[in-house]
Amino acid sequence: MTASEDRSAWLKGGDAHCEDSCAHPTQPIRLVLLGPPGSGKGTQAVTICERYGCCHLSTGDVFRFAKRVGATTPAMRVALEAMQRGDLVGDNMVTDIVRDRTRCMLCGHGFLLDGFPRTGAQAEALDLLLQELGVKFDAAVFLRVDENILIERLTGRRSCPGCGSIFHMVFHPPTMEGRCDGCGGELVQRGDDRIEAVTRRLEIWRETESVLLAHYRERGLALEISADGSPAAVFEAIVAALAKRLESAAPSIPA
Ligand code: AMP
């Protein structure tokens, strides 16, 4: 299965269409993917979409796209300023963005929501929207990782400002210490990967996780995956858990 390569409908919103049709003959999968910084959520999102053919709907990508093409509305400019500061964009703005893309919620490819919901209010808004559309989703996949592992993964990361290559001091060290293998530039640690910032990011995540976990556990949708292992092992665990879930579940769009 292949997901839509063209994500115009998601990135642009409104009347924008993707080049290939939203119709898809097989039973689409609909998921929410949640995980702390350093959990490998981005990597898993790409692999899950490849495997199940669903569209990768990342709210962060919508904001990055708006930034790249030049924000057009005052509300989007406010949102981009919040993003620039490292703050969350307001619930109303993010929810409006998702509401403006209902086409993607109904898309025959199915979807994987990444980065949304991030608060209890957003989770409530998503429930309401899907209820209005008559769409059920299959699972909220939570990647759960031991906090010490997350700290090691995040604080060991080094990047090259010159060419954008990413290394890790333990898991993927450069050939020459402190130098980029690609362009020879000096490797640096991103501000938000420093221990104080990492501690703060994980603290914020813990609060988010407890709210969202309670929300989706209550609705029988939480699928908790231990994500301490390699990306391949985590992917296997997700596929196995989803297979079990889908076996026992009703179709995600009622007939
Ligand atoms: P991400 O790529 O998901 O880490 O998102 C990048 C940035 O976009 C975040 O740091 C927020 O500023 C903003 N953002 C993305 N999704 C949301 C959301 N659901 N709620 C609030 N802010 C968001």
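Since this is a predicted model, take the numbers as computed values, not measurements.

## Digging into the packing of aromatic side chains
One pair of aromatic rings is described through two measures. These are the centre distance and the angle between the planes. Evaluated as defined, the whole model comprises 2 aromatic pairs. Each ring, one from Phe137 and one from Tyr216, has its centre 5.8 Å from the other, and the planes form 80 degrees; the classification is edge-to-face. Residue Phe137 is found in the loop between helix 7 (120-133) and strand 4 (139-144), and its partner Tyr216 is found in helix 9 (residues 195-218); the two are separated by 79 residues along the sequence. In this structure Tyr216 comes out as buried when scored by relative accessible area, which is 0%. Above the ring of Tyr52, the side-chain terminus of Arg51 is found at 5.7 Å from the ring centroid.

## Re the pattern of salt bridges
Once their charged atoms are close, side chains differing in charge can pair, the charge on each being opposite to the other. Tallied over the full model, the rule gives 16 salt bridges. A salt bridge links Arg201 to Asp193; its shortest N-O distance comes to 3.2 Å. Here Arg201 falls in the partly exposed class, since its relative accessible area comes to 23%. Between Glu218 and Arg219 there is a salt bridge, with its nearest N and O atoms 3.6 Å apart. Judged by its relative accessible area of 66%, Glu218 falls in the exposed class. With a relative accessible area of 37%, Arg219 lands in the partly exposed category. One salt-bridge network, in which partners are shared between bridges, spans Arg157, Arg190, Asp192, Asp193 and Arg201.

## With respect to the site of the ligand
Taken together, 13 residues sit near the ligand, with Thr59, Arg64, Asp87, Gly115 and Gln122 positioned nearest. The separation between a nitrogen atom of the ligand and a polar side-chain atom of Thr59 is 2.8 Å. Residue Asp87 places a main-chain N or O atom 2.7 Å away from an oxygen atom belonging to the ligand. When isolated, the ligand has an accessible area of 480 Å², and the protein chains bury 84% of it. With 4 residues, the top contributor of residues to the shell around the ligand is helix 3 (residues 59-69). Classifying every residue of the shell around the ligand by side-chain character gives 6 nonpolar, 4 polar and 3 charged.

Rules used in this analysis
- Residues numbered from 1 in each chain as written.
- Predicted model: local features only at pLDDT ≥ 70, side-chain atom pairs only at ≥ 80, totals over all residues.
- Heavy atoms only, no water.
- Phe/Tyr/Trp six-rings, centres within 6.5 Å; stacked < 30°, edge-to-face > 60°.
- Helix = DSSP H or I, 4+ residues; strand = E, 2+ residues; numbered from the N terminus.
- Buried < 20%, exposed > 50% of the residue type's maximum accessible area, 1.4 Å probe, protein only.
- Lys NZ or Arg CZ within 6 Å of the ring centre and 35° of its normal.
- Salt bridge = Lys/Arg side-chain N within 4 Å of Asp/Glu carboxyl O.
- Near = heavy atom within 4 Å.
- Polar contact = N/O pair within 3.5 Å; in protein donor to acceptor, adjacent residues only side chain to side chain.
- Areas by Shrake-Rupley, 256 points an atom, 1.4 Å probe, with all protein chains shown as cover.
- Nonpolar A, V, L, I, M, F, W, Y, C, P; charged D, E, K, R; others polar.

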